[in-house]
Structure formats: C-alpha cells, structure tokens
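# Examination of the molecular architecture
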Amino acid sequence: MSHIQTPPVQQKTVVEFAGVAKRYGSHLALTEFDLTLQPGELVALLGPSGSGKTTALRVLAGLESCDDGRILINGDDVSGLPTSRRDMGMVFQSYSLFPHLSAGENVEFGLRMRRVPAAERRERAAAALALVGLDAHYGRFAHELSGGQQQRVALARALVTRPRVLLLDEPLSALDAKVRVQLRDEIRRIQTELGITTLFVTHDQDEALAVADRVAVMRDGRIEQVGTPEELYTRPATPFIADFVGLSNRLPGAVRHGFAEVHGVVLPLLDPSHADGPVRVFVRPEDLTLVTAGTPGDAPAGMSLAGIVLVSSFLGSLRRTSVQLEQGGTVVVQHDVRDRHQVGESVLVRFAGAPVPVEAVQDLAAALPRRPRLVR
Ligand code: ADP
Ligand code: MG
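Here the structure is a predicted model, which is why all the values come from computation and not from measurement.

The rules behind each value
Residues numbered from 1 in each chain as written. Chains lettered and ligands numbered in written order. Predicted model: local features only at pLDDT ≥ 70, side-chain atom pairs only at ≥ 80, totals over all residues. Heavy atoms only, no water. Pairing = 2+ DSSP bridges. Helix = DSSP H or I, 4+ residues; strand = E, 2+ residues; numbered from the N terminus. Axes fitted to C-alpha atoms, helices over the stretch in contact; angles between N-to-C directions. Core = buried A, V, L, I, M, F, W, Y, C linked by side-chain atoms within 4.5 Å. Buried < 20%, exposed > 50% of the residue type's maximum accessible area, 1.4 Å probe, protein only. Contact = heavy atoms within 4.5 Å. Parallel < 35°, antiparallel > 145°, perpendicular 65-115°, else oblique. Left-handed = near helix turned anticlockwise from the far one by under 90°. Nonpolar A, V, L, I, M, F, W, Y, C, P; charged D, E, K, R; others polar. Domains from an automatic or database assignment.

## Considering the sheet that holds strand 15 (residues 288–292)
Pairing is antiparallel in the open sheet, where 5 strands are placed in the order 15-19-16-17-18. Edge strands, defined here as strands with exactly one partner in the open sheet, are strand 15 and strand 18 (330–335). Neighbour-to-neighbour, the strand axes of this sheet turn through a mean angle of 45°, independent of strand direction.

## As for the nonpolar core
Grouped together as the largest cluster of nonpolar side chains are 45 residues, with contacts concentrated most on Val107, Leu129, Val153, Leu155, Leu159, Val215 and Val217. With 6 residues, the top contributor of residues to this core is helix 4 (residues 147–159). Excluding residues that lie within four positions of it along the chain, leucine 155 makes contacts with Val91, Val132, Leu166, Leu168, Ile187 and Ile190. Residues Val15, Ala56, Ile71 and Val201 belong to the second largest nonpolar core, which totals 24 residues.

## As for the packing of helix 4 against helix 5 (residues 177–194)
At a minimum axis distance of 11 Å, the contact between helix 4 and helix 5 shows a crossing angle of 15°. In terms of orientation, helix 4 lies roughly parallel with respect to helix 5. The element helix 4 and its partner helix 5 pack so that their crossing is right-handed. Seen from helix 4, the contacting residues are Gly148, Gln151, Arg152, Leu155 and Leu159; seen from helix 5, they are Val179, Leu183, Glu186, Ile187, Ile190 and Leu194. Each residue belonging to the contact of helix 4 with helix 5 can be placed in one class, and the counts come to 7 nonpolar, 2 polar and 2 charged.

## Quick look at the pairing of strand 17 (residues 319–325)
Side-chain positions along a regular strand alternate between the two faces of the sheet. With 5 of 7 residues buried, strand 17 is to be regarded as a mostly interior element. Between the antiparallel neighbours strand 16 (residues 304–314) and strand 17 lie 4 residues, among them glycine 316 with a positive phi of about 90°. Sheet topology places strand 17 next to strand 18; 6 bridges connect them, and they run antiparallel. Following the sheet pairing, valine 323 is matched in strand 18 by valine 331. From the end of strand 17 to the start of strand 18, which pair antiparallel, there are 4 residues, and glycine 328 there has a positive phi angle of about 100°.

## A word on the domain arrangement of the protein
As assigned here, the protein comprises domain 1 (15–234) and domain 2 (247–375). For domain 1 and domain 2, the distance between their C-alpha centres works out to 39 Å.

## Considerations on the pairing of strand 18
Counting buried positions along strand 18 gives 6 out of 6 residues, so the element sits mostly inside the fold. The two faces of strand 18 match: Thr330, Val332 and Gln334 on one face and Val331, Val333 and His335 on the other face are all buried.

## Section: the sheet that holds strand 1 (residues 15–24)
Across the sheet, which stays open at both edges, the 4 strands sit in the order 2-1-4-5 with antiparallel pairing between neighbours. Two strands close off the open sheet at either side, each with one partner strand: strand 2 (27–37) and strand 5 (76–77). As paired elements, strand 1 and strand 4 (residues 68–73) share 5 bridges and run antiparallel to each other. Directly across from glutamate 16, in strand 4, lies its bridge partner leucine 72. Where helix 1 (residues 53–61) meets the sheet, its contacts fall on strand 1, strand 2 and strand 4, and the angle it forms with strand 1 comes to roughly 115°.

## Concerning the packing of helix 2 (residues 103–113) against helix 4
It is the contact of helix 2 with helix 4, at a shortest axis distance of 7 Å, that shows an interaxial angle of 30°. Taken together, the axes of helix 2 and helix 4 are roughly parallel relative to one another. Judged by the sense of rotation from one axis to the other, the crossing of helix 2 with helix 4 is right-handed. Across the interface between the two elements, Ala103, Asn106 and Val107 of helix 2 pack against Val153, Ala156 and Arg157 of helix 4.

## Section: unusual backbone geometry
Across the chain, the bulk of peptide bonds are trans and the bulk of non-glycine residues have phi less than zero. The phi torsion at arginine 162 lies on the positive side, around 55°, for a residue other than glycine. The topology assignment puts arginine 162 in the loop between helix 4 and strand 7 (165–169). The exposure class of arginine 162 is partly exposed, given its relative accessible area of 32%. The backbone phi angle of histidine 263 is positive, close to 45°, even though this residue is not glycine. Residue placement: histidine 263 occurs in the loop between strand 12 (259–262) and strand 13 (265–268).

Here it is as structure tokens:
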C-alpha cells in the first residue's frame, strides 16, 4: 500500500538508569543498577528468572517507583513522571490484545486515548500494521490471528504513538521456535529502521546475542557485565557470565604461574592475574578439535587429550561430539560436519589454545563433576 506512510524516524533518545535500587519488602530486586542506552541502540537485558529484568523495565516505564537513584531521558529526570508521560511503547510476553476489538482497533487504541481524529487514527494504525507486515489483517480479531501475528499487532500498537523508547519484556517467549526467530529478526529490522532506543528483556541468551547491539547480563538485581555479544562471548568478565552466555565444557584443573592446566594441557588464562590453586576451567566446544588417534594429522603432544567417542550428533551446519576422556570426565567438541567420528573410536581432543576463564574451587575434587556436564 504505497499511499501509507510508515512512522517517521525517531528523535534521538538517550535512556539512563543512574544508581537505581528497588526493594520489595526486604528483597532487593534491583541494586546499584546503572545502564545507559544510546540513541537508536537495542540493549538486551539478559539474566536468569528472578534476576530483576522485569523490575528494571517496569521502573523505566514508571510502572514501579524506584527507592533510590534516577531515570533520565535525554538528561531529564523522569523518575517522578507517570507512565503516560514517559512516552514509551511496550510489548509483553502474553498477548495483551483486547479480544473484542479488531487488530486495527487494538492498534488505534493509544491514539484514541490521545484524542487523535478518526481518519488520522485509521491511517496511522494501517501504517503501523503495514510496518509489521499485517496490513491485510486490519479487521481480524485476536482469535483469528496466530500467536506470532498477535505479537506483531502488539508491536504495531506499541509503535503507533511514535514513542521515544520501546520496551519489550520477553516478547517472543510464548512463540514456537521458528516464529520466534522470524519475529526476532523482524523486530530488529523495524527497530533499526525507526532508530528507536530499545530495551529488550529476555532470559534466552541465543536471543540476546542475536538481536542486541549490547547485552547487559543481570544477576541478583545487579548488572554483572555489559558488552557487545562478541565481547561477552569471548571475554566473559566472571565465571557466571562464562557459564550463562554460550555453551561451555567445565573441566577440573589448576592455575599455576599465570596459566591454566587441564590434565597436563597448559592453556592461557583470560585473566592472567588469577591466583594459583584448583579451578574449574571453561572451554568452548568450538575451541576443541578432534583427530582420529594414530593418523598423520595426529595432534601435537601437550595440547591434546586421548579419549573415546561417546556420541556424535549431526546438527545440520555442524556436528557435536562427546568424548569420554582417558583421565575421566567428558568433553563436547563442535566440529565440521564433514568430519565423522564413530561411537567407540579412539580420538585425540586438541585444544586450540584460546584464553580460558576459570573459577576458583575449594579443591580439585570439587571441580570434578559427578556426571559429565555441558552447561548452557
Ligand atoms: P525477572 O524478570 O528477571 O524474572 P523480576 O524483576 O520479575 O525478575 O523479579 C525480581 C525479583 O523480585 C524476584 O525475586 C521476584 O520474586 C521479586 N518481585 C518481583 N515483583 C515483585 C512484587 N510485585 N512483589 C514482591 N516481589 C516481587
Ligand atoms: Mg520477567
């Protein structure tokens, strides 16, 4: 529909949480919470359930007051303003469409509240629906739309008032995997097109890494690390981040003289100043390769460990193979699909030598998992 204009590019909006704290009774849901979103930036707030993500979003939206600190929009303190005057669009996990209104009427709702004349309302709602690819669905009711379509309508409804900030709280969590990825990419496209400063709350690390300019990882009401997806993945600041972001093997080892040692394999440390002692070593499956034992491509001594293939899974674009190490324990190796390894085959697991994060443990026995563990 060429006569329909999409909403204009947003004014540049900076959002700032400055030393925000929020208490529920004696429970500190947010503490020392500092985060700045640059104009047009999409920041994902990532963390386990209960870490305070929704609380942060609700404080920003003005749905909760904060006990300490301030919320600034373009430098202005909005902490005392009600939600209606903060100019933010919101989408939540559960579809929150009015069932007795059509998709178009749902989208028009915010404009009706603002007393926008009917003709303009209708045109802007149609434009917002076009933006999310639903221009043909103006007259449909919620029960006539799929889950993904309902969330698109919710997104159109959030954007139709041309808010300065977009807030999304687990907007994809109720959708099935394929729709989730489609809508995730669509949200990113629209957000980039509009240049709207966006806070995207999720507990799903794949989603956060895929969609965000920067990711803020939360734990117990605090931000543990903020960085680009690549920074978080390659340089996790803490063992919690190493454990929570991406897939890692945990191996028992020790730090000695600024290096990590795993069954005699010596690896550089991400933090070379780490104190000597027993540790749990985090190794990415893609930082390991497999070589059939006794072949010409045999791994050099010192950087490999012998083992037996337990299971190998074809994942389309790669294979993931679990190996029982001679020294005990299991590692998962991610490798090229063209390299096939049979169950029971003797292999060498070669370490690429990428710098590893480690976590200090009481003693080596504590570092040894009882069962093979692959953490996500
Ligand atoms: P997340 O969105 O990361 O799962 P929340 O922000 O919803 O976490 O919750 C953070 C913590 O605050 C949790 O321990 C939760 O139980 C608590 N909490 C959240 N909302 C309330 C409330 N209205 N009253 C009391 N406790 C709450
Ligand atoms: Mg939540």
